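Okay, here's what each chain looks like letter by letter:
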Amino acid sequence: MRSSIGIVFILLLASLFVGCNNEEKDGNIKIHSFSGAELTVAGFGGSTQRQMQMLAAQTFETLTGAQVKFIKGTSRIHLGAIKKAKGQKPPFDVVLLDGIIQQIASREGLLQASTVDDIPLIENLLPQAQPRVAGGPAFQFYSVGIVYDPAALDEADVPDPSSWSDFWRPELRGHVAVPSIYHTSGMDFVQAAARKAGASPETLEGLKKGIDAIVELKPAMVYRSVRKLRDAFQEEKIWIAPIYNSRAYSWIGQNMRVTYTFPREKGFGHLTTINVVKGTKNRRLAEMFINLVLTQGYQYAQSIETPYGPVHRNVIEPLAHFPNVVKRFPLGEEGLSRLYVPNWERINSLRADVEKYWFEKFPDEE
């Protein structure tokens, strides 16, 4: 829906600096107050970065005179870069992190704590999006569920999946892909497998039993590359896999022969945070950029252009009138209540041992 871009751009121009402690002269914002400055944003690439470049960065540059530079990577890669530079000049000013990785970064003192005084629009966010640790707020919600090829399952006389346990159906043997534990969805699936094995997903032994259950599953692919997974679906080698809603609906939008669903045990609920890196000399500029990403205009466009749930309260009700749009992502508190949110503080405390056990069992990944 590219026609929404022009309207959203105007909304962003109008709302960027609301309450942001901007430099003013005679009541007017000094638009080019930061001319010559460069703001570096570490993101994930893909549709999120394309939208952030087109809407947030271009608008921000117009208003401030500063330039925005993006660095592409994963949450884990960005975390490693910040840790390596601790006590020195940080490698970037703003960093996007999955909520579980944000907890690690916060615990190690790598992020600047953000408050309403720093980023005024935090006050207008859903409770689940407001900062829970010393770091920034969430700017999008997403889920992990099941993507599958309904035609392939129908041809094999296998019913559509309704439970995480369906991955272990013998008819699917040789056509199941599971994500590497390197992915958030990988740790999700280990927890689902632990429950399938009758074990607690919040203990080391329980998570190890989950990994053992995945070994018994004998997956045809343990993927780190989502592109390779997409190719395997298109080649009809893979019929079913756990995956992020954004990837699944991107494929659906490309007319791939796949469907996305949640099992009866619930899908997994997640959020992506946007943070000021501690030690940046561009803290004020970084906070202004984050405030932009939290505006109603940006949040609305994010939901329309990419399948991520909005965090701004005032966007929820208008979007609810478009069921074909909102079915793609968690919408508001009601949508989030339908998802299982793990105890990530507990999971992170076990992460090193769980990952070590995983790579003992799956030393080779796609």
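To be clear, the structure that these remarks concern was listed above.
Caption draft 1: Looking closely at the pattern of salt bridges. According to the stated counting rule, one finds eleven salt bridges in the structure shown. The partner of Glu287 in a salt bridge is Arg283, with the nearest N and O atoms 2.8 Å apart. Taken as a pair, Glu287 and Arg283 lie in helix 10 (residues 283-293) at a separation of four residues, close to a single helical turn. Residue Glu355 pairs with Arg351 through a salt bridge whose shortest N-O separation is 3.3 Å. With a gap of four residues between them, Glu355 and Arg351 both fall in helix 15 (residues 344-361), about one helical turn apart. Residues joined by salt bridges that share partners form a network here, namely Arg76, Arg351 and Glu355.

Caption draft 2: Representation of the pairing of strand 5 (residues 94-98) in the model. For strand 5, a buried count of five out of five residues is recorded, marking the element as mostly surrounded by other parts of the structure. Residues Val94, Leu96 and Asp98 line one face of strand 5 and the alternating positions Val95 and Leu97 line the opposite face, and both faces are buried. Inspection of the sheet shows strand 3 (residues 38-43) paired to strand 5 by two bridges, in the parallel sense. Residue pairing in the sheet places Val41 in a bridge with Val94 of strand 5. Pairing of strand 5 with strand 11 (residues 267-276) involves five bridges; the strand directions are antiparallel. Paired with Asp98 across the strands is Thr272, a residue of strand 11.

Caption draft 3: A look at the nonpolar core. By size, the foremost hydrophobic cluster in this structure holds 50 residues, and its most contacted members are Val95, Phe167, Trp168, Phe189, Ile214 and Trp358. It is helix 15 that provides the largest number of residues to this core, a total of six residues. Phe60, Ala129, Ile274 and Tyr298 belong to the second largest nonpolar core, which has 45 residues in total.

Caption draft 4: View of helix 9 (residues 245-253). The set of residues buried in helix 9 consists of Asn245, Ser246, Ala248, Tyr249 and Trp251. Of the surrounding secondary structure, the elements contacted by the buried residues of helix 9 are strand 6 (138-148), helix 8 (226-234), strand 9 (240-244) and strand 10 (259-261). Asn255 sits one or two residues past helix 9 and shows a positive phi near 65 degrees.

Caption draft 5: Region of interest: a negative patch on the surface. Judged by side-chain charge, Asp154, Glu155, Asp157 and Asp160 come together as a negatively charged surface patch. Relative to the elements of secondary structure, Glu155 occurs in helix 5 (residues 150-155).

Caption draft 6: Seen up close, unusual backbone geometry. Of note in the backbone geometry, Lys218 takes a positive phi value of approximately 50 degrees without being a glycine. By the secondary structure assignment, Lys218 is in the loop between helix 7 (204-217) and strand 8 (221-223). Relative accessible area serves as the criterion here: at 57%, Lys218 is assigned to the exposed category. Backbone geometry at Lys266 places phi at a positive 90 degrees, although glycine is not the residue there. Here Lys266 lies in the loop between strand 10 and strand 11. Owing to a relative accessible area of 34%, Lys266 belongs among the partly exposed residues under this scheme.

Caption draft 7: The packing of helix 4 (residues 99-107) against helix 15, seen in detail. For the pair helix 4 and helix 15, interaxial distance at closest approach is 10 Å and the crossing angle is 70 degrees. It follows that helix 4 is roughly perpendicular to helix 15 by the angle criterion. You can see that helix 4 and helix 15 cross each other, and the crossing is right-handed. Note on element contacts: helix 15 touches helix 4 through Trp344, Glu345, Asn348 and Arg351, opposite Ile100, Gln103 and Ile104.

Definitions and cut-offs
- Residues numbered from 1 in each chain as written.
- Predicted model: local features only at pLDDT ≥ 70, side-chain atom pairs only at ≥ 80, totals over all residues.
- Heavy atoms only, no water.
- Salt bridge = Lys/Arg side-chain N within 4 Å of Asp/Glu carboxyl O.
- Helix = DSSP H or I, 4+ residues; strand = E, 2+ residues; numbered from the N terminus.
- Buried < 20%, exposed > 50% of the residue type's maximum accessible area, 1.4 Å probe, protein only.
- Pairing = 2+ DSSP bridges.
- Core = buried A, V, L, I, M, F, W, Y, C linked by side-chain atoms within 4.5 Å.
- Contact = heavy atoms within 4.5 Å.
- Patch = residues over 30% accessible without salt bridge, like charges linked within 9 Å, V, L, I, M, F, W, Y side chains within 5 Å.
- Areas by Shrake-Rupley, 256 points an atom, 1.4 Å probe, with all protein chains shown as cover.
- Lys, Arg positive; Asp, Glu negative; His and termini not counted.
- Charge placed at Lys NZ, Arg CZ, Asp CG, Glu CD.
- Axes fitted to C-alpha atoms, helices over the stretch in contact; angles between N-to-C directions.
- Parallel < 35°, antiparallel > 145°, perpendicular 65-115°, else oblique.
- Left-handed = near helix turned anticlockwise from the far one by under 90°.

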